Amino acid sequence: MLRISGLTVELGGHPVLRHVDLTVRRGEIVALAGEPAAGKTTLVRCIAGELAPSSGEIVVGGCRLPADPSAARRCGVAVVWQDLALCDNLDVAGNVLLGSERRWAMFANLRFHAAASDVLTSLRIPIQDTTRLVGDLPDGQRRLIAFARALTSRPELLVLDDPTAAMGTAETSDLETLITGLREQGTTVLLVSRDPEQMFRIADRIVALRHGEVVGELDPRSGHPDDLAALQSGQRIDSSARRQLTRLHGLSDRLISADPASSLSLILSALGSALSVQRLCIHVADGGALACEAALGFTEPEIAVWSRLAVGDAGGLAGRAAAGGELVACDDPRDDDWPGLQAPSSQTIASVWSMPVMGPGGVSAVITAFSTSPGGPGRDQLDLLSLYAGYAAGAVERERLLRQVTARNRVLETTREMLETLAGPVAVADGLLIALHSLCRGLECDEVALVTRSDAAGLVWRSYAGPDGTDPGAASQQLVDGAQAALGEPRDGTAGVVGRGAGHQVLVVPFNGPDGPTALLARWESQAVTEQETALVENAAHSLRLALEREAAGIANEEAAALRRSRQLQRGFLSRLSHELRTPLTAIRGYASSLMAPDVTWDHESQHRFLARIAAESARVGRLVDDLLDFSAIESGVMRLQPDWCDLRLVVEAAVDCLPAAESARVTVICDRGVPSIWADHDRLEQVFVNLLANAFKHNPPGTSVSVSARALSRTEQPEVEITVTDDGIGFPSALAASPFEASQRHRSRSSGAGLGLSIANGIVLAHDGWLELAPAVVGTSFRILLPVEAPPGHTAEGSEVTAPGPAYAMTAAPGRDLAAGAPAPGGPR
């Protein structure tokens, strides 16, 4: 609706307005603010056509406005002046309709006052008597009459020059309601006011004038009167007190939730906005020097020049501020005042200030501001620097405490991991490697090693963790030299540095281990060793020494247990041997004594019968001895196999042929065509089937039938063969079903023989990496055998000893097997 471009007005040779640009949209209320003599009234006079500008143009509704009040009215502009411009000698009706009288109303006084009353009523102006002289009315009603007169022409742009001056609160509220109602009707309003609260209540935008220039705009919805006051006084909005408080509150909220590493950057950013300074940096005290932790407005190459400064004159302004504990400022800084200011960005730097940040132990940091204005900081800027320095001190202290807590937590966590590993079920040899990896992470070092010295082998690397893996051959020469030096010193479990060179340190803890002098070593490439690292290495060495002692004790216990078990096996073997051999030897001795009796002569038939009995008992003794030897080999965990490719049908048929003719005739063999040859010991497998078949006939009544079936299993990951031996006898004794392969129970329940058949069969199957189990059967007894088709990975070569997985006689029914599916159950033990 209104566009002002480059408007300049000079009065008496003095510029009143300078290149004013202003745009007001249709239906918008724009407030024009400014201190006295800012040029507000001059701008209104130009819009009203009363004053010709020196340059620039004013466009109202698309029509360029000349310096003519009548032209302004024709373009739809109406003005309510601050001095009202009323005719005090006229009544209310005359002032309201002044300039817009109708000819018929001029000659009818009653109709003239009625028309004025209608105007006032439509505007909700509470003036009933239109015949009173305006000069007799209060100032507030006079302003309402001036407002009503301006609206009689139904203007598109209404300019209000401080309309509520000297009005009461109620009248001001009524007028503001009227103005907002005009906006809803589509009338554009340019409001000149001295009341900031009023502008923020009813305006859509606020434009600030200062010394005849537009210095800024505000959105009343997000701005504040303090921001308007800052614009009118020539300050930046960000420097207003409210903005400073808002910035501090926001900074406090962000510091609470922000990562501690970014706290100083947040503080610098907020401080730069508060001081209107674009370049700042903060140096934190670090081991007698100042390290740059955050910077604002500088490039990386510029920061690199002064990333680390000395405390004192050698560190320039920041070093002197840290040494003296007070603000240091200078104009036209030279290179000796601040290194690197010869960079291109320094061309705009007019002054530098360095403010020390005081912490619990003295100066903890230094904040440096690079200003484009000469001179030191003003009082307000000093106050802001001190205020933000307090925030920086808190952030630096929090970061220091956090580093301490993190280091302590790292030590505790590493110690916990090592203790859990070394005290857990993992073997000590594996636990050492895991523990050293945890220690290497906790120490943040490059490599860690546990070394023992042996008189025979020299240095023995028990475990090693480094950047290239766990191979001790990759250990650095510094670590090797440190081990040689450490193992030659007294071993008291105290940490010490044995190797310190350019860029590396080796920390070692020597102690007396169960295998000889032992040392724990850690090497850092470019990091100083702290007290936390030293304490952690000493604690780790103590834990490792206990683990090594526990390992040595475990080995000694295993050797003692093996010796006791060997003696028990010997005693058991001799006991079973003497018990089982007593009966046949007694029979042999009795028959032989009878034959050799000098006073008895036996006929040929009796002699043959005695000799047959002696032969039978001798054969029984041979079988007993073979069974006892096989069982002893199985029970001790070692069995000798001669594997080769075997046809399973031939193995079963050979076992059937070993039975007496009457029993072999009652055996049925069913072998699927798809059953492949298997890698196994033919004779040992034949012994398995002989034992199972012999037990089936021995422990069942005469006439019992036995069936042997074989089939291939293809649903398992490793191809297998399933063989079942089933009889229709009286069934397996329930008292023995829980542990069918335990020799002692079979021995106690047998009717004759050693009762080792099932135990030996189970041991042979296990030695083939197979499985033997008592399967459920509706009638009789059923045994199920699973054998791999091929030799398992790592299986022993032909003719060598095969270690069975545990004592065969202790094996029970197959846990983890799905009997119905004929395959191992998922997750079940092999």
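Residues numbered from 1 in each chain as written. Predicted model: local features only at pLDDT ≥ 70, side-chain atom pairs only at ≥ 80, totals over all residues. Heavy atoms only, no water.

Asks: Go over the overall build of the protein, please, and point to the residues and values.
Replies: Broken down by element type, the protein carries 23 helices and 32 strands. Burial status across the protein gives 45% buried among its 830 residues. Sequence separation of at least 24 residues holds for 61% of the intrachain contacts in the protein that already meet a minimum separation of 6. Split by element, the accessible area of the protein, about 40,700 Å² in all, is 52% carbon and sulfur. (Helix = DSSP H or I, 4+ residues; strand = E, 2+ residues; numbered from the N terminus. Buried < 20%, exposed > 50% of the residue type's maximum accessible area, 1.4 Å probe, protein only. Contact = heavy atoms within 4.5 Å. Areas by Shrake-Rupley, 256 points an atom, 1.4 Å probe, with all protein chains shown as cover.)

Asks: Before we move on, can you summarise the sheet that holds strand E12 (residues 289-296) with the specific residues and values?
Replies: Sheet strands pair via backbone hydrogen bonds, and the direction of the pair is either parallel or antiparallel. What the six strands build is an open sheet, ordered E13-E12-E11-E16-E15-E14; its pairing is antiparallel. Of all the strands in the sheet, just strand E13 (308-310) and strand E14 (328-331) have a single pairing partner and so form its edges. Across the sheet, the mean angle from the axis of one strand to that of its neighbour is 25 degrees, orientation sign disregarded. Of the pairings in the sheet, the one linking strand E15 (residues 351-359) to strand E16 (residues 362-371) comprises nine bridges and is antiparallel in character. (Pairing = 2+ DSSP bridges. Axes fitted to C-alpha atoms, helices over the stretch in contact; angles between N-to-C directions.)

Asks: So, the state of the cysteines: which residues are in play, and what are the values?
Replies: Considering all chains together, one arrives at zero disulfides under this definition. The structure places no disulfide on cysteine 75, whose sulfur is separated from the nearest cysteine sulfur, that of cysteine 63, by 3.5 Å. The cysteine cysteine 440 is free of any disulfide, with cysteine 445 supplying the nearest cysteine sulfur at 3.9 Å. (Disulfide = S-S within 2.5 Å.)

Asks: Residues and numbers for the side chain of threonine 724, please.
Replies: Positionally, threonine 724 belongs in strand E27 (residues 720-727). Accessibility expressed as a relative area gives 17% for threonine 724, which makes it buried. Engagement of the side chain of threonine 724 in a polar contact is seen with the side chain of serine 709, the distance being 2.5 Å. (Polar contact = N/O pair within 3.5 Å; in protein donor to acceptor, adjacent residues only side chain to side chain.)

Asks: Just give me the short version of the environment of arginine 649, but keep the residues and values in it.
Replies: You can see arginine 649 is positioned in helix H19 (residues 648-657). Residue classification places arginine 649 among the partly exposed positions, given a relative accessible area of 31%. Arginine 649 sits 26 residues away from valine 675 along the chain, and the two C-alpha atoms are 8.9 Å apart. Residues within four places of arginine 649 in sequence aside, it is in contact with Val669 and Cys671.

Asks: Describe the packing of H19 against helix H21 (residues 682-698), and please don't skip the residues or the numbers.
Replies: Contact geometry of H19 with H21 gives a least axis separation of 8 Å together with a crossing angle of 50 degrees. As summarised for this structure, H19 and H21 are arranged oblique, according to the angle between their axes. Handedness of the crossing formed by H19 with H21: right-handed. The residues of H21 that touch H19, namely those facing Leu648, Leu650, Val651, Val652, Ala654, Ala655 and Val656, are His682, Leu685, Glu686, Phe689, Val690 and Leu693. Tallied by class, the residues present in the contact of H19 with H21 amount to 11 nonpolar, one polar and one charged. (Parallel < 35°, antiparallel > 145°, perpendicular 65-115°, else oblique. Left-handed = near helix turned anticlockwise from the far one by under 90°. Nonpolar A, V, L, I, M, F, W, Y, C, P; charged D, E, K, R; others polar.)

Asks: Any details on the pairing of strand E4 (residues 55-60)? Residues and values, ideally.
Replies: Strand direction decides the pairing type here: strand E1 (residues 2-11) and E4, joined by five bridges, are antiparallel. Its bridge partner being in E4, arginine 3 is matched across the sheet by valine 59. In terms of strand pairing, E4 meets strand E5 (residues 63-64) through two bridges, oriented antiparallel. Opposite valine 59, over in E5, you have arginine 64 as the bridge partner. Hairpin connection of E4 to E5: two residues between the antiparallel strands, including glycine 61 at a positive phi of 60 degrees.

Asks: Tell me what's going on with unusual backbone geometry, and back it up with residues and numbers.
Replies: One non-glycine residue, alanine 37, lies in the positive phi region at around 70 degrees. Within the secondary structure, alanine 37 sits in the loop between strand E3 (29-34) and helix H1 (40-47). With a relative accessible area of 79%, alanine 37 lands in the exposed category. Of note in this structure, glutamate 444 is not a glycine but carries a positive phi near 55 degrees. Within the secondary structure, glutamate 444 sits in the loop between helix H15 (428-443) and strand E17 (447-454).

Asks: Summarise the pattern of salt bridges; cite the residues concerned and give the values.
Replies: Counted according to the given criterion, the structure contains 21 salt bridges. As a salt-bridge pair, arginine 221 and aspartate 219 come within 3.1 Å of each other at their nearest N and O atoms. Arginine 221 gets classed as exposed once you look at its relative accessible area, which sits at 77%. Between glutamate 447 and arginine 523 there is a salt bridge, with the nearest N and O atoms lying 2.5 Å from each other. Pair noted here: glutamate 447 is in strand E17 and arginine 523 is in strand E21 (residues 516-524), with a separation of 76 residues, a long-range link. We classify arginine 523 as buried; its relative accessible area is 8%. (Salt bridge = Lys/Arg side-chain N within 4 Å of Asp/Glu carboxyl O.)

Asks: Give a description of the sheet that holds E4 that names residues and reports values.
Replies: Pairing is antiparallel in the open sheet, where four strands are placed in the order E2-E1-E4-E5. Looking at which strands have only one partner, the edges of the open sheet turn out to be strand E2 (14-24) and E5. Running over the sheet, H1 touches E1, E2 and E4 and is turned about 115 degrees from E1.

Asks: Account for the packing of aromatic side chains, naming residues and giving values.
Replies: The full count for this structure, using the stated rule, is eight aromatic pairs. Centroid distance phenylalanine 298 to phenylalanine 370: 4.9 Å. Interplanar angle 75 degrees. Geometry classified as edge-to-face. Taken together, the residues span a long stretch of sequence, with phenylalanine 298 in the loop between E12 and helix H12 (300-305) and phenylalanine 370 in strand E16 at a distance of 72 residues. Judged on exposure class, the residue phenylalanine 298 and its partner phenylalanine 370 are both buried. Judged by centre distance (6.3 Å) and plane angle (85 degrees), the ring pair of tryptophan 461 and tyrosine 464 falls under edge-to-face. (Phe/Tyr/Trp six-rings, centres within 6.5 Å; stacked < 30°, edge-to-face > 60°.)

Asks: Which residues make up empty space enclosed by the protein, and what are the values?
Replies: Here the structure, examined in full by the defined rule, presents two cavities of 30 Å³ or more. By volume, the second largest cavity is sized at about 30 Å³. Around the second largest cavity, the lining residues are Leu648, Arg649, Val652, Val669, Ile670, Cys671, Val708, Ser709 and Ala710. Elements represented by at least two residues in the lining of the second largest cavity include exactly H19, strand E24 (667-671) and strand E26 (706-713). For the lining of the second largest cavity, the class distribution of residues is seven nonpolar, one polar and one charged. (1 Å grid on protein atoms, 1.4 Å probe; cavity = no way out; pocket = protein on both sides within 12 Å on 5 of 7 lines; lining within 4 Å. Points joined across faces, edges and corners; volume = space filled by probe spheres on them.)

Asks: Run through the environment of glutamine 527, naming residues and quoting values.
Replies: When you line up the elements, glutamine 527 lands in the loop between E21 and helix H17 (531-595). It is 8.1 Å that separates the C-alpha atoms of glutamine 527 and cysteine 445, two residues lying 82 residues apart in sequence.

Asks: Any details on the packing of helix H6 (residues 139-151) against helix H7 (residues 169-184)? Residues and values, ideally.
Replies: Taken N-terminus to C-terminus, the directions of H6 and H7 make an angle of 15 degrees; their axes are 11 Å apart at the nearest point. Considering their axes alone, H6 and H7 lie roughly parallel with respect to each other. Both H6 and H7 take part in a crossing whose hand is left-handed. Residues Gly140, Gln141, Leu144, Phe147 and Leu151 of H6 form the contact with H7, whose own contacting residues are Glu171, Leu175, Leu178, Ile179 and Leu182. Here the residues of the contact of H6 with H7 sort into seven nonpolar, two polar and one charged.

Asks: Before we move on, could you go through the confidence of the model for the protein and cite the residues and values that matter?
Replies: Here the protein averages 80 in pLDDT, while 84% of its residues score no lower than 70. The low-confidence segment residues 342-346, where pLDDT is below 50, has six contacts with residues more than four positions distant or belonging to other chains. Segment residues 796-830 is flagged for pLDDT under 50; beyond a separation of four residues in sequence, or across chains, it makes 87 contacts in the model. (pLDDT = per-residue confidence, 0-100.)

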